[in-house]
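Residues per chain, in single letters:
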Amino acid sequence: MSVILVTGGTGLVGKAIQHIIETEPEGSRFGKKPGEQWIFVSSSEGDLRDPEQTKRLFEKYKPTHVIHLAALVGGLFKNMKYKLTFLRDNILINDNVLHNAYLSQTKKVISCLSTCVFPDKVTYPLDETKIHLGLPHDSNFGYAHAKRMVDVQNHAYKDQFGCNFTSAIPTNVFGPHDNFDLEGAHVIPGLIHKCHIAKKNGTPFVVSGTGKPLRQFIYSNDLAKLFIWQLREYDDVEPVILSVGEGEEVSIKEVADAIVKAMDFKGEYTFDATRADGQFRKPASNKKLLSLMGGFQFTPFNEALDFTVKWFVENYDKART
Ligand code: NAP
Ligand code: GFB
């Protein structure tokens, strides 16, 4: 019997993993396996910044495996505003989860980093060997340092206690059940929400920044399959980048144009260049992932975006806005 605890299980990525586990054929590569119990928890079951609540969560579920997603998460503007909070909350969460996994002899933990942890000044493409080769972009140095520390912790737990702790490095993620809150959201949910408001009120759709920065975006349901693969088939302490290919980089303007098209927005559409652009680009290589998996079919960006826009409009009343 395996008990797989997914911390942060009610968020964008957690909900996608739950969807894949519940919809893929049982026993298939990305489906639930016989004898597996999957548990998806939010902070209502325990604030993981608190050691006692974390201890009680592990005592309650006694997980054999953990996919550790729980984190204080946000887009560029929220990260710029709350650097200490992102640093401290995420350090607390990660230390409590990893130490309780060690104490309760959890067989395996996959923790979640992000491509924003990479140095801002380093040769491209970004790959798993470059995480610690320089400072991250200033816009999210709090979050980035907390996330980088997980890689350090994983190596330390392995060296001293032989723990099987590893990590995933997703690129920017989007999909249903995202956080669409205008102030804290990442770019795609933020712009979908903004465009929805502009269309409803007949007001301008204003994109922050110049629109020039480049990003790679992975659809949450694709990322979910990659996490399930990593849980089942990858047991090395070194992280794996979970991303679409370098060739899939798109500009923020291309993203905004795609949102305008997907929402059939006909109103005024402008850019506010007085707002920050953040990191210009962070092109990550998925060569290691594809060589280990033997290939993977990513959902085309526009198809995933159309589905996400449709989900948001249909679930506006219950979405996180
Ligand atoms: P999300 O939608 O904001 O969900 C965050 C999850 O973490 C929620 O279930 C939340 O539960 C939980 N959580 C937050 N603070 C907690 C606390 N103190 N104690 C317990 N649970 C807590 O985030 P997401 O986008 O799914 O991100 C999941 C993981 O992917 C994170 O580790 C993030 O760093 C990483 N990631 C995300 C992206 C992206 O573009 N979204 C990119 C790269 C990496 P409540 O709702 O109850 O607070
Ligand atoms: O997803 P995002 O907020 O974060 O994207 P990062 C920021 C880029 O989108 C900047 C532009 O170039 C912004 O100028 N943008 C345009 C907007 N309009 C908007 C908008 O309405 N909202 C937002 N948020 N951006 C994040 C890190 O960096 O990457 C997180 O801060 C995390 O920690 C995430 O790692 C994956 O891609 O810049």
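Calculation rules
Residues numbered from 1 in each chain as written. Chains lettered and ligands numbered in written order. Predicted model: local features only at pLDDT ≥ 70, side-chain atom pairs only at ≥ 80, totals over all residues. Heavy atoms only, no water. Helix = DSSP H or I, 4+ residues; strand = E, 2+ residues; numbered from the N terminus. Rg over C-alpha atoms; globule rule 2.2 N^0.38 Å. Buried < 20%, exposed > 50% of the residue type's maximum accessible area, 1.4 Å probe, protein only. Near = heavy atom within 4 Å. Polar contact = N/O pair within 3.5 Å; in protein donor to acceptor, adjacent residues only side chain to side chain. Areas by Shrake-Rupley, 256 points an atom, 1.4 Å probe, with all protein chains shown as cover. Nonpolar A, V, L, I, M, F, W, Y, C, P; charged D, E, K, R; others polar. Salt bridge = Lys/Arg side-chain N within 4 Å of Asp/Glu carboxyl O. Expected span 1.5 Å × (residues − 1). Phe/Tyr/Trp six-rings, centres within 6.5 Å; stacked < 30°, edge-to-face > 60°. Lys NZ or Arg CZ within 6 Å of the ring centre and 35° of its normal.

Asker: I keep staring at the overall build of the protein chain and nothing clicks. Help me out?
Answerer: Check the secondary structure of the protein chain and you find 10 helices and 12 strands. Relative to the 2.2 N^0.38 estimate, which gives 20 Å for 321 residues, the radius of gyration of the protein chain is 19 Å and therefore close to what a compact globule would have. For the protein chain, the spread of C-alpha atoms along the principal axes amounts to about 60 × 40 × 40 Å. Residues counted as buried form 53% of the 321 residues belonging to the protein chain.

Asker: Looking at this structure, how should I read the site of ligand 1?
Answerer: Near ligand 1 there are 28 residues, and of these T10, S43, L69, Y143 and R320 occur at the shortest range. A distance of 2.9 Å is found between a nitrogen atom of ligand 1 and a side-chain nitrogen or oxygen belonging to D47. Computed on the free molecule, ligand 1 has an accessible area of 890 Å², of which 87% lies beneath the protein chains in the complex. Its residues assigned to classes, the shell around ligand 1 comprises 13 nonpolar, 11 polar and four charged.

Asker: I would appreciate a short explanation of the pattern of salt bridges in the present structure.
Answerer: A side chain with one charge can pair with a side chain of the opposite charge if their charged atoms come near. Enumeration over the complete set of coordinates arrives at 15 salt bridges. Between E233 and R29 there is a salt bridge, with the nearest N and O atoms lying 2.9 Å from each other. Here E233, found in helix α7 (residues 220–233), pairs with R29, found in the loop between α1 (12–23) and β2 (36–40); they are 204 residues apart in sequence, far enough to count as distant. For the salt bridge of R232 with E36, the shortest nitrogen-to-oxygen distance reads 2.7 Å. Taken as a pair, R232 in helix α7 and E36 in strand β2 lie far apart in primary sequence, 196 residues in all.

Asker: I'm lost on the site of ligand 2 in this one. Help?
Answerer: Neighbouring ligand 2 are 24 residues, the closest being S114, N172, R215, A276 and D277. Between ligand 2 and A185, the relevant distance is 3.0 Å, taken from a nitrogen atom to a main-chain nitrogen or oxygen of the residue. About the coverage of ligand 2: the protein hides 97% of its 700 Å² of free accessible area. Each residue belonging to the shell around ligand 2 can be placed in one class, and the counts come to 11 nonpolar, nine polar and four charged.

Asker: Mind showing me how you'd approach α7 here?
Answerer: One turn of the α-helix equals 3.6 residues, which is why residues spaced by three or four share an orientation. An ideal rise of 1.5 Å per residue puts 20 Å on 14 residues; α7 measures up with 20 Å between its terminal C-alpha atoms. Turning to α7, its buried residues are S220, N221, D222, L223, A224, L226, F227, I228, W229, Q230 and L231.

Asker: Explanation requested: the packing of aromatic side chains in the structure shown.
Answerer: The way to describe two aromatic rings as a pair is by their centre distance and the angle between their planes. For the coordinates displayed, the defined rule picks out 19 aromatic pairs. Measuring from centroid to centroid gives 5.9 Å for Y102 and Y157, while their planes differ by 45 degrees, and the two rings are tilted. Pair noted here: Y102 is in helix α4 (residues 83–103) and Y157 is in helix α5 (residues 141–161), with a separation of 55 residues, a long-range link. You can call Y102 partly exposed: its relative accessible area is 24%. Grouped by ring-pair contacts, the aromatic residues Y102, Y157, F161 and F165 constitute a single cluster. The ring of F77 carries the charged tip of R275 above its face, separated from the ring centre by 4.0 Å.

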